[in-house]
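What follows is each chain in one-letter form.
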Amino acid sequence: MEVPFHKPYITEDEIAEVLDSLRSGWLTMGPKTVRFEEKFRDYIGAEDAVSMNSCTAGLHLALIAAGIKEGDEVILPAVTFTATAEVVTYLRAIPVLVDVDGETFNIDAAAVEGKITKRTKAIIPVHYAGQPCDMDEICDLARRRNLAVVEDAAHAIPATYKGRKIGTIGDLTCFSFYATKSLTTGEGGMVTTAHDAWAERMRILRLHGISKDAWKRYTGEGSWYYEVLEAGYKYNMTDIQASLGIAQLRKLDWMWERRKQIADLYTDSFRSLDAVQTPVVKADRESAWHLYVVKLVCDALTIDRNRFIEELKSMGTMASVHFIPLYRHPYYRRAFQYSAAGFAVSEQIYDQIISLPIYPGMTDEEANQVVESVAQVIRKFRR
Ligand SMILES: *Cc1c(COP(=O)(O)O)cnc(C)c1O
């Protein structure tokens, strides 16, 4: 049996919502997008939610809203997807990388202050695998040093920190609805914020810089007249995407429960295996379990991480690695002279981490196969 790394959980409910949009004749941003924003805002308990065509677009506009300009420095973890840093370069600002914590793989909050300079304007904590970062420490530091906190919550739907949902803590929080994320619209994103003026600016910027509610110009209550207030972007969500989002949001709590069940099954089953360390989730927070990442104890094995993944694949279990640290990529080396120097933890865990399949549509048999293939590879290659 093959267990793919990911399968989106799409049912008749999503299909019916999309058909409803197609039949309505309204395809792009419109009433359903507005409804999805309201429902998402209420689910998170945020003040406002602004939809986008991706999390990357959301991060870009969030940085603009926070006032990031050319030459500014923005602090972010070394272990993340390129989107987190790429948006900083859109503004000709400088991504400043910080090493991660060896247990949670989140940004090492204690190492952030040492990277702050006169030019630092913002911090982008990334809630790795769905586990919230040390938000009290990060927000206290940001307040003291007058920095904006723009969260990359691409993995963190839904996740809680000290009982508060991610999306209600930092200045701006950016979510992803990419096909592999824990709530999907195929492609899509959302930014939550309590700053009204910033939400308003992002609504304008996401649709060509046109005055508010520009999408209504083709409805009965709209008017052909509009004004372009600034050079904006084409970053809006569509009603077809929002249909998927509305249906997914209805089952989000159930999908989260199922992810938690699979994570618990893995953690219980791997406890007796000394060649893998299971994820560490701090007691005051709950992970979204977007990813389940084990750390290999390489000294206990005769094979390395890459070979371990190949062996899993040969048994039908697909695995992945999140992420190749940014300083290892040619672009970031070339543009910012990054190297492994100063990133001892990122460098070490990069050789050890494996992301195992975890998604709500997984059957118990599939989850058990994942457990069995990990155990078998270890039996075969233990030192
Ligand atoms: C998926 C992802 C993004 C980008 O999300 P998109 O919606 O594809 O733009 C950003 N950051 C992290 C950490 C991600 O995993």
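About the cut-offs
Residues numbered from 1 in each chain as written. Predicted model: local features only at pLDDT ≥ 70, side-chain atom pairs only at ≥ 80, totals over all residues. Heavy atoms only, no water. Axes fitted to C-alpha atoms, helices over the stretch in contact; angles between N-to-C directions. Helix = DSSP H or I, 4+ residues; strand = E, 2+ residues; numbered from the N terminus. Parallel < 35°, antiparallel > 145°, perpendicular 65-115°, else oblique. Left-handed = near helix turned anticlockwise from the far one by under 90°. Contact = heavy atoms within 4.5 Å. Nonpolar A, V, L, I, M, F, W, Y, C, P; charged D, E, K, R; others polar. Buried < 20%, exposed > 50% of the residue type's maximum accessible area, 1.4 Å probe, protein only. Pairing = 2+ DSSP bridges. Polar contact = N/O pair within 3.5 Å; in protein donor to acceptor, adjacent residues only side chain to side chain. Near = heavy atom within 4 Å. Areas by Shrake-Rupley, 256 points an atom, 1.4 Å probe, with all protein chains shown as cover. Salt bridge = Lys/Arg side-chain N within 4 Å of Asp/Glu carboxyl O. Expected span 1.5 Å × (residues − 1).

Participant: Go over the packing of helix α10 (residues 305-314) against helix α13 (residues 364-381) with me, naming the residues and quoting the values.
Facilitator: In the contact formed by α10 and α13, the axes pass within 10 Å of each other and the chain directions differ by 125 degrees. With respect to their mutual orientation, α10 and α13 come out oblique. Relative to α13, α10 is oriented so that their crossing is right-handed. Within the contact between the two elements, α10 uses R307, F308, E311 and L312 and α13 uses S373, V374, V377, I378, K380 and F381. By residue class, the composition of the contact of α10 with α13 is six nonpolar, one polar and three charged.

Participant: I'd love a proper account of the pairing of strand β12 (residues 292-296), names of residues and values included.
Facilitator: Buried residues dominate β12, accounting for five of its five residues. Alternating residues of β12 divide into Y292, V294 and L296 and V293 and K295, and every residue in both groups is buried. When β12 meets strand β13 (residues 353-356), the two strands line up antiparallel, connected through four bridges. The residue of β13 that forms the bridge with V294 is I354.

Participant: Would you mind going over the packing of helix α3 (residues 55-65) against helix α4 (residues 82-90) in detail, with residue names and values included?
Facilitator: One can describe the packing of α3 onto α4 by two numbers: an axis separation of 9 Å at closest approach and a directional angle of 45 degrees. Taken together, the axes of α3 and α4 are oblique relative to one another. Between α3 and α4 the crossing geometry is right-handed. On α4, the residues touching T56, L59, H60 and L63 of α3 are A83, T84, E86, V87, V88 and Y90. Along the lines of polarity and charge, the residues of the contact of α3 with α4 split into six nonpolar, three polar and one charged.

Participant: So what about α3? Which residues, and what values?
Facilitator: When you tally the buried positions in α3, you get ten out of eleven residues, the bulk of the element. Of the residues making up α3, those classed as buried are C55, A57, G58, L59, H60, L61, A62, L63, I64 and A65. Where α3 begins, the side chain of S54 points an oxygen toward the backbone nitrogen of T56, at a separation of 3.3 Å. Phi turns positive, to about 90 degrees, at G67, one or two residues after α3.

Participant: Which residues make up the site of the ligand, and what are the values?
Facilitator: Around the ligand sit 16 residues in total, of which T56, D152, H155, S176 and K181 are the nearest. D152 places a polar side-chain atom, nitrogen or oxygen, 2.7 Å from a nitrogen atom of the ligand. Within the side chain of S176, one N or O atom sits 2.7 Å away from an oxygen atom of the ligand. Burial of the ligand by the protein chains amounts to 93% of its free accessible area of 390 Å². Going through the elements one at a time, α3 and α4 are the ones with two or more residues in the shell around the ligand. Along the lines of polarity and charge, the residues of the shell around the ligand split into seven nonpolar, seven polar and two charged.

Participant: An account of the sheet that holds strand β6 (residues 160-161) is requested, with residue identities and associated values reported.
Facilitator: Across the sheet, three strands lie side by side as β7-β6-β11; this open sheet has antiparallel pairing. In the strand order of this sheet, the two ends are held by β7 (164-165) and β11 (285-286), each with one partner. Sheet analysis places β6 next to β7, joined by two bridges and oriented antiparallel. Directly across from Y161, in β7, lies its bridge partner R164.

Participant: Summarise the pattern of salt bridges; cite the residues concerned and give the values.
Facilitator: What the rule picks out here adds up to 30 salt bridges. Taking the shortest distance from any N to any O, the salt bridge between R258 and D364 comes out at 2.9 Å. Taken together, the residues span a long stretch of sequence, with R258 in helix α9 (residues 252-270) and D364 in helix α13 at a distance of 106 residues. Taking the relative accessible area as the measure of exposure, R258 reaches 12% and is therefore buried. Residues E347 and R328 are paired through a salt bridge, measuring 2.7 Å at the closest nitrogen-oxygen approach. A residue pair is termed long-range when its members are at least 10 positions apart, and E347 in helix α12 (residues 344-350) and R328 in the loop between α10 and α11 (330-336) qualify at 19 residues. Connected via shared salt-bridge partners are D13, E14, E17, D20, K32, R250 and K251.

Participant: Go over helix α8 (residues 239-250) with me, naming the residues and quoting the values.
Facilitator: If you check α8, its first and last C-alpha atoms are 17 Å apart, about what twelve residues at 1.5 Å a residue would give, namely 16 Å. Taking burial as the measure, the twelve residues of α8 include ten buried ones, the bulk of the element. When α8 is considered as a whole, its buried residues turn out to be D239, Q241, A242, S243, L244, G245, I246, A247, Q248 and L249. Where α8 is buried, its residues meet α1 (12-24), α2 (31-44) and α9.

Participant: Give me the pairing of strand β9 (residues 189-193): which residues, what numbers.
Facilitator: Across the five residues that make up β9, a large majority, five, are buried. Burial along β9 is two-sided: the face carrying G189, V191 and T193 and the face carrying M190 and T192 are both buried. Relative to β9, strand β1 (residues 48-52) runs antiparallel, the two being bridged by five bridges. Paired with S51 across the bridge in β9 is M190.

Participant: Hey, could you go over the side chain of R206 for me, with residue numbers and the actual values?
Facilitator: Here R206 shows up in the loop between α7 (196-205) and α8. Within the local environment of R206, its side chain forms a polar contact with the backbone oxygen of S51, the two atoms lying 2.9 Å apart. Among all residues touching R206, those that are not within four sequence positions of it are M29, E37, V50, S51, M52, L61, Y233, K234, Y235 and N236.

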